[in-house]
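Chains, contacts and geometry: an overview
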Amino acid sequence: ENVTAAQWSPNGATLGAQDLTHPDNQVFGANVFSPAEQRKRLPKAVYKQLQSTLERGEALDSSLADAVALAMKEWALERGATHYAHWFQPLTGSTAEKHDSFYSPAGDGTAIAEFSGKELIQGEPDASSFPTGGIRATFEARGYTAWDPTSPAFILENPNGALLCIPTAFASWTGEALDNKIPLLRSMGALSDSAVRALRLLGDEEAQRVFTTVGAEQEYFLIDEQYFFERPDLLTTGRTLFGAQPPKGHELDDHYFGSIPERVLAYMLEVEDELAKLGVPIKTRHNEVAPAQYEIAPIFENSNVGSDHQQLTMQVLQNVARRYGLVCLLHEKPFAGVNGSGKHNNWSMSADHGENLLDPGDTPHENLNFLFFCTAVIQAVDKHQGLLRATAAGPGQDHRLGANEAPPAIISIFLGEELEGVYAAIESGAASESSAGSLLGLGTPVLPRLPLHGGDRNRTSPFAFTGNKFEFRAIGSTQSVALPNTVLNTIVAEAIDDLADQLEAALKGGASLEEALRPVLQKSYAAHKRVVFDGDGYSQDWHEEAARRGLLNLRTTPDALPYFVKESTVAAFERYRVLSERELESRYEVFTEQYAAKINIEAETAATIARTLLLPAALRQLALVKEAGVDALVTETQALVEQFVAAIQALESANLKENQQDEPPATWASFLRDNVIPAMNKVREVADKLEKIVADDLWPLPKYSEVLFIK
Ligand code: ADP
Ligand code: MG
């Protein structure tokens, strides 16, 4: 069976694949087997057949696959590739590759370059170690990878050669998705079907497809690699488990949008160059709020390609750093007391004729579409707020969400004053008597101009309308955007269908479009407006107000993850065939286990560093002050050392493997949250006090004031 990833999506997913390769541009897309490159290298008939097969989302027959493989191989060999890899996205959230050589022995002592359609289309990674959440029994431990022809193959260069990477989906032999790509493709197909159906009702006879778009703003830290290697906590867990605060305000003021240090700028230019070669359309760079923190953002693309490109961006950010003696930290909270890193997921829907469905536009027709789809988003976000929160969950995120630097854990929507005004009018029916032919009887033919970049007016909202798209801002900097977009696509498809059902019924009853639409929007907004909030998301008032409105406040990862298997989630995901209940359960299990494993590793690392690095330093300091005979210092140091020993012992016993016993993962995760994390915090609290009194030459870890400010 030749199965391609395109089949996971009921109507294909070439949707909006941009071909940004320009013949005049030597760099952009140089390492991408782009549609333009395919056109150049494939026989005309084969190229056409490939395109139409992709459009219909059908399986490629083997002769077609062989022809594509041949062209791809020649292209890759010309560029110095010696190996190829199926590049996929297991549930770890990062990417995986299995390298195979192009060269096979020819039997006469020589080697020939071989790469057939079969090898292009399907691979079998030795993948028994990837998380599956119990889907794969060990006897069928192999999964297989399937070519996703809708995301272009690319070449990763390294100093010793080059690797052809083929984007693939990763599934079990029983057909379950073991990755983040398959559900994303399925959700894009689902949303497209629902949105096109709605567009027909709204009078659009033209649109054949609707595709979702993503542009993710990525925050990251850059530090000198020397400090990275001198800190076992950074090395093992990606964050500092110890570290006293540097003097207040130290260099803080000039960082944000300040000038970028030379080494960092050189690094950024090389990152942008590498990404350009890979066809990732990078747009912006600037300093972020915290010292040593930066941001990178692309021009948006369709969700599938954009999400692959986001993974590549994270990879390139990390790889290139090493060439400059830097390390790129993607962790959500590498430094306590310093702003953490997030990822803003800009999301919208575009029809294949070019209309952005979340752009209010200039005509009444565009406005009606906008109001319909915007209302669907509000309904979906309210109904599935717990699930959206769950997609942003993870141990790093628990330091950030709700910590006055990132949105609260409460999901709400910022619409902006103008749009809220429009909804208030729709809801109250205020202007319904006014002139015929006006937009929903609102008295004006078009919506008021909604300001773009409204986002900056409210940085505290987790889900903000920013003029022609929504920005989901709660996601963490390490997280793959595939799952949040999968969830958005699916829940919005469901809401679109719900509104479309009502609209369809009213139209059948003979109402005009405007007459029919108004009550549909009115009813939906009235039912879901509790999720709309324009105020300060950081304030205590909002927490109380949100509770009164009945909004969820899922503070930690173990609180949020069960929403992957809530009845409302299963119903929506099964209806649109995005994830089966079993696939949802596997994700719940995998994410819970990952949370537990990460906290457990942090706790062990903290205990080891405390006992073998920091405690000895404290004891030396104690000896030093005893020798000097300064009683006040002896008393002070002795007291802290005793507290430290007690805290370390408490952490070690809280984190004992025996505590886990045969607990289900969720129970273990909650135990870690309630017992091990507080014990770890206590150890840190004392250690950070010790850092401030132990002689600088005795303290074994580089301090925040060095790590964060040496550029
Ligand atoms: P700002 O930098 O002020 O937040 P932008 O609107 O230019 O403003 O974009 C931020 C991010 O949103 C960029 O990555 C951009 O590509 C993305 N973006 C813009 N329009 C869309 C869209 N229709 N769909 C998805 N992402 C988008
Ligand atoms: Mg933003």
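Procedures and definitions
- Residues numbered from 1 in each chain as written.
- Chains lettered and ligands numbered in written order.
- Predicted model: local features only at pLDDT ≥ 70, side-chain atom pairs only at ≥ 80, totals over all residues.
- Heavy atoms only, no water.
- UniProt positions renumbered as here; feature names shortened; annotations may be inferred.
- Donors = N, O, S within 2.8 Å, 3.2 Å for Na, K, Ca; no water.
- Helix = DSSP H or I, 4+ residues; strand = E, 2+ residues; numbered from the N terminus.
- Buried < 20%, exposed > 50% of the residue type's maximum accessible area, 1.4 Å probe, protein only.
- Core = buried A, V, L, I, M, F, W, Y, C linked by side-chain atoms within 4.5 Å.
- Salt bridge = Lys/Arg side-chain N within 4 Å of Asp/Glu carboxyl O.
- pLDDT = per-residue confidence, 0-100.
- Contact = heavy atoms within 4.5 Å.
- Phe/Tyr/Trp six-rings, centres within 6.5 Å; stacked < 30°, edge-to-face > 60°.
- Lys NZ or Arg CZ within 6 Å of the ring centre and 35° of its normal.

As annotated in an unreviewed UniProt entry, the protein carries the name Glutamine synthetase and is attributed to Conexibacter arvalis. The record held by UniProt for the protein lists under Sequence similarities (unreviewed entry) the comment "Belongs to the glutamine synthetase family."

**Focus: the coordination of the magnesium ion (ligand 2)**
Protein-derived coordination of the magnesium ion (ligand 2) comes from Glu217 (OE), Glu217 (OE), His344 (ND1) and Glu471 (OE), at a distance range of 2.0 to 2.6 Å. Counting gaps between the donor residues of the magnesium ion (ligand 2) yields the pattern E-x126-H-x126-E. In this pair, histidine 344 sits in strand β14 (residues 342–351) while glutamate 471 sits in strand β17 (residues 470–476), placing the two residues 127 residues apart along the sequence. Under the relative-accessibility criterion, glutamate 471 is labelled buried at 8%.

**Let's talk about the nonpolar core**
Formed by 86 residues in total, the largest nonpolar core has its most connected members in Met349, Phe372, Phe373 and Leu415. Grouped together as the second largest cluster of nonpolar side chains are 34 residues, Ala618, Val641, Ala647 and Leu701 included.

**Here's the deal with the pattern of salt bridges**
For side chains of opposite charge, pairing can occur when their charged atoms come near one another. Under the criterion given, the structure shown has 34 salt bridges. Of the charged contacts, one joins lysine 277 and glutamate 157 as a salt bridge, the two residues approaching to 3.0 Å between their closest N and O atoms. Placement of lysine 277 in helix α8 (residues 262–277) and of glutamate 157 in strand β7 (residues 154–158) is noted, with a sequence separation of 120 residues between them. Its relative accessible area of 39% is what places glutamate 157 among the partly exposed residues.

**A few points about the confidence of the model for the protein**
For the protein, per-residue confidence averages 88 on the pLDDT scale, and residues scoring 70 or more make up 90% of the total. A low-confidence stretch, residues 6–24 stays under pLDDT 50, and its non-local contacts, those more than four residues away or across chains, total 54 contacts. The low-confidence segment residues 432–438, where pLDDT is below 50, has nine contacts with residues more than four positions distant or belonging to other chains. Per the prediction output, this complex has pTM 0.93; the corresponding ipTM is 0.96.

**Considering the packing of aromatic side chains**
Taken as a whole and assessed by the stated rule, the structure comprises 22 aromatic pairs. Taking 5.3 Å as the distance between ring centres and 90 degrees as the angle between the ring planes, the aromatic pair formed by phenylalanine 335 and tyrosine 704 counts as edge-to-face. In this pair, phenylalanine 335 is assigned in the loop between β13 (326–329) and β14 and tyrosine 704 in helix α21 (residues 704–707), connecting sequence segments 369 residues apart. Phenylalanine 335 sits in the buried class, given a relative accessible area of 1%. Classification of tyrosine 704 as buried rests on a relative accessible area of 1%. Between phenylalanine 533 and tryptophan 542 the ring centres are 3.7 Å apart and the planes differ by 5 degrees, which places this aromatic pair in the stacked class. Both residues of the pair, phenylalanine 533 and tryptophan 542, belong to the buried class. An aromatic cluster is defined as three or more aromatic residues linked by ring pairs; in this entry it consists of Phe370, Phe463, Phe465, Phe470 and Phe472. The cationic tip of lysine 566 hangs over the ring face of tyrosine 563; the distance from NZ or CZ to the ring centre is 4.1 Å.

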